[in-house]
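# Summary of structural features
Spelled out, the chains give:
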Amino acid sequence: MSQHTDTTYKPTSPNSKLDFASVWEYAPAPESASHAEIKEKYDLFIGGKFVKPAEGNYFKSMNPATGETITEFAEASKSDVNKAVKAARKAFEGEWSSISAKERGKYLYRIARMIQERAREFSVLESMDGGKPIRESRDVDVPLVAAHFFYYAGWADKLEYAFPGKKPKPLGVCGQIIPWNFPLLMLAWKIAPALACGNTVVLKPAETTSLTALKFAELVKDAGLPDGVVNIVTGAGETGAEIVNHKDIDKIAFTGSTGVGKLIQRSLAGTDKKFTLELGGKGAMIVFEDAPIDQAVEGIINAIFFNQGHVCCAGSRLLVQEGVAEKVIQKLKDRMESLIVGDPLDKNTDVGAINSQAQFETINKYLEIGLNEGADVYQSSCSIPDNGYFVRPTLLMNVSQSNRVVQEEIFGPVLTIQTFRTADEAIQKANNTPYGLAGGVWTDKGSKIFKVGSGLRSGVVWANTYNKFDPTSPFGGYKESGVGREGGMHGLGAYLKF
Amino acid sequence: MSHLEVLKTYKMYIGGQFPRTESGRFYKIFDKEGDLLANACLGSRKDVREAVKSARGAFGGWSKRSAYNRGQILYRIAEMMESRRSEFEKELGNIGFTKKKAEAEINASIDRLVYYAGWTDKYQQVFGSVNPVASAHFNFSLLEPTGVVGLIAPEESPLLGLSSIVAAAIAGGNTCVVLASEQFPLPSIVFAEVLNTSDVPGGVVNIITGKREELVEHLAGHMDVNALSYTDKLPTEMVTKIDELATENIKRIHKNQIEDWYDEDAESPYFLTQFQETKTTWHPVGF
């Protein structure tokens, strides 16, 4: 019996299934894209100017929700990267180092303010180019971008307070390579602390989501930042490799998969380049019998379906204590039924489009692996658009610790579920992957939170909450989830020498 | 009455025991006159693996000791070292230290242990943070030990350098596998005897003697070693090899070049915090 026709439940009753669809209908609520200007194609941003790529190549960028091409980006070759590094070096040795730390901070404040002014435009573009729901780009990504610049702006003239007994100095030119899941936010995580510490940057956005980075370049120009302090080069892996291997870059900051992170670390072997890596994860959420179950279910939904599960710290494994497993899973299924999957620009949408065809294929490959490993697959019965890349919210049950779907990062809206009896068992299972980025604990007992939290070998612990971010809050991994921290006072260390 | 000296057998230190190398190999250690001092263990890959296993086994318990307790144990190492002065003087004398220099080396080593003993319950307050997030959450960052740490001891500072690097690693709750100075390994074994009588749980510090060239890569490539540090200037090929092997498990590599172990820059809380990971915890605030 489909719940859509079952009217015996009230939608707000605590013991009922959630059933919004049969009580009221959602009318489409599209965010207008008319305000956002997209050029036909974008050049590279080097030395304060938009310049054509040396080899004249451009690649198309697609809206993953519709399959339509929205613009083209320049493909930066070796000589373009070289030019960008030269511009960054010149700025570092010249104007950027000659202005006071206070003034440096004021540029960042200015950038923060301009992002707030143009927040709506950035949000719309982020959703069009990357497929994330407008509600998330509007309420999470873009506000956090502004907050990040605002936070690090204030550090520029206070750096010595963060490192007692040390005299911090900037590193020089930083090469930064960012992923497609939070394009503008990852740019902010990289550029804000780098600039606050007095460095200059060459940043490469992901090839499927470069639009907001180039819009940011326009903003940098408007803000009057000295030429060459921020350089943006677009392209795919080869462009990234040119940055990693460039001899005149002092530091590499990378966010992306553990596989690519290891390749980068290997390329840097034997060099004096510093690096920080923000890599993959396979976050476990431990739900105890004494947890506030409804809150936990909401938290799990946010942990795995936020941003289509394209989140390195996603809570992609649920470990639920046996006594409440049935109840939690039932409530989870009910809640999943109420998720709206569809047009990223619709303000009602909960889960948007999968970022690219490649990622769509990866997720489907893992669903197949899960099936072959014997998992019970449950998917929401929601409708999904005919065009574009969409995956229904999915649960994989009856899985075991050694299954690939439990060990490997899927990076999609797919949650594995395992049960446990004792806290020690839960901690062991949670820690039993090569990753160590984030974990969650759900219980009403404070002492248990601290005990379990300290047992988790991960850089972030969310207790009775999940997927929360803030510029003041350090973020980063243990083990194979990466090296270094971003955010907070601890994030400064990645961009300074002593 | 004449007394034939009973020579000491120098073995390695693994899991709180003093085993010989499983390989049965040895190498000769000579004094400053070129006379044979001892046959030291020529440690092997398997010894490194055993040592890592012991270090991993000891990590859970050691990292959960209270900071106060770790401080007391480090202080206890200093006490024990003080009581074994004459033995260290003899060891250092054998390898060419004058009496005065040996005394200085021992004094500095004891002081360094006391220095890090004092940090155990303080670094968290200096380097941790409470983070004023904009949402209704309480958010704090604590430092936690990285795990099992590989230490390549300095070749030329067989006691002060060794005790400095070990103290910085274990003060923060890590356990370690040390490759002793290849040329002067004997003081490291006396140091192990000090550790063994200082309430340091077995496996927290493991000391392997042997050839750096042979053993470094086994340590750098071991999947259960979380970090590796060295203070000597190593040959470029070795550096590259270490970096490459480290990528297998994203091992943290710390190169701190230290030439003068007496220098005030040779002791720093940053040598302790380099073996720490920052963990940030969030909790909602509400009724």
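These numbers come from a predicted model, not from an experiment.

This paragraph deals with the overall build of chain A. If you tally the helices and strands in chain A, you get 15 helices and 20 strands. Taken over the C-alpha trace, chain A has a radius of gyration of 23 Å; the compact-globule value for 498 residues is 23 Å, and the two agree within 12%. Its C-alpha atoms put chain A at 70 × 50 × 40 Å along the principal axes. Taking the contacts inside chain A whose residues are at least 6 apart along the sequence as the reference set, 73% of them involve residues at least 24 apart. Put simply, chain A shows about 18600 Å² of open surface, and 51% of that area lies on carbon and sulfur atoms. On chain A, the mean spot of the 56 positive side-chain charges and the mean spot of the 58 negative ones are 7 Å from each other.

On to a nonpolar patch on the surface. Residue and element names in this part refer to chain A. On the surface, Val23, Trp24 and Tyr26 cluster together into a nonpolar patch covering about 310 Å² of accessible area. Relative to the assigned elements, Tyr26 resides in the segment before β1 (41-42). Its relative accessible area of 45% is what places Tyr26 among the partly exposed residues.

Residues and elements named next belong to chain B. Ordered by their spatial adjacency, 5 strands build an open sheet running β7-β6-β5-β8-β9, and the pairing between neighbours is parallel. Every other strand in the sheet has two partners, leaving β7 (205-208) and β9 (252-255) as the edge strands with one partner each. The mean angle between the axes of side-by-side strands here comes to 15 degrees, regardless of whether they run parallel or antiparallel. Across the face of the sheet, helix α1 (residues 45-64) comes into contact with β5 (148-152), β6 (175-179) and β7 while running at roughly 155 degrees to β6.

Let us now look at the domain arrangement of chain A. Residue and element names in this part refer to chain A. Each domain of chain A was delimited in the assignment, giving domain 1 (41-279 + 478-497) and domain 2 (281-463). Each side of the interface is counted separately: domain 1 has 29 residues, and domain 2 has 35 residues. Both faces combined, the contact of domain 1 with domain 2 buries some 2600 Å², and carbon together with sulfur accounts for 57% of it. At the junction of domain 1 with domain 2, the criterion picks out 17 residue pairs in polar contact (both at pLDDT 80 or more). Where the side of domain 1 that touches domain 2 is concerned, the elements lending two or more residues are α4 (119-130) and α5 (134-155). Within the side of domain 1 that touches domain 2, the residues separate by chemical class into 12 nonpolar, 9 polar and 8 charged.

Residues and elements named next belong to chain B. Where like charges cluster on the molecular surface, the negative patch consists of Glu259, Asp260, Asp263, Glu264 and Asp265. Position of Asp260 among the secondary structure elements: in the loop between β9 and α10 (269-273). What makes Asp260 partly exposed here is its relative accessible area of 39%.

Below, the discussion takes up the nonpolar core. Residue and element names in this part refer to chain A. Core analysis: the largest hydrophobic core is formed by 181 residues, its most contacted members being Phe149 and Phe216. Sort the elements by how many residues they give to this core and helix α6 (residues 183-196) lands first, with 11 residues. Inspection of this core shows a minimum of three residues originating in each of domain 1 (41-279 + 478-497) and domain 2 (281-463). Non-local contacts of Phe149, meaning those with residues more than four positions away in its chain, are made with Leu108, Ile111, Ala112, Ile115, Leu187, Ala188, Ile191, Ala192 and Phe216. Counting residues in each nonpolar core, the second largest holds 25 residues, with Leu44, Ala84, Val85 and Val244 among its members.

What counts, and at which threshold
Residues numbered from 1 in each chain as written. Chains lettered and ligands numbered in written order. Predicted model: local features only at pLDDT ≥ 70, side-chain atom pairs only at ≥ 80, totals over all residues. Heavy atoms only, no water. Helix = DSSP H or I, 4+ residues; strand = E, 2+ residues; numbered from the N terminus. Rg over C-alpha atoms; globule rule 2.2 N^0.38 Å. Contact = heavy atoms within 4.5 Å. Areas by Shrake-Rupley, 256 points an atom, 1.4 Å probe, with all protein chains shown as cover. Lys, Arg positive; Asp, Glu negative; His and termini not counted. Charge placed at Lys NZ, Arg CZ, Asp CG, Glu CD. Patch = residues over 30% accessible without salt bridge, like charges linked within 9 Å, V, L, I, M, F, W, Y side chains within 5 Å. Salt bridge = Lys/Arg side-chain N within 4 Å of Asp/Glu carboxyl O. Buried < 20%, exposed > 50% of the residue type's maximum accessible area, 1.4 Å probe, protein only. Pairing = 2+ DSSP bridges. Axes fitted to C-alpha atoms, helices over the stretch in contact; angles between N-to-C directions. Domains from an automatic or database assignment. Buried area = accessible area lost by both parts, 1.4 Å probe. Polar contact = N/O pair within 3.5 Å; in protein donor to acceptor, adjacent residues only side chain to side chain. Nonpolar A, V, L, I, M, F, W, Y, C, P; charged D, E, K, R; others polar. Core = buried A, V, L, I, M, F, W, Y, C linked by side-chain atoms within 4.5 Å.

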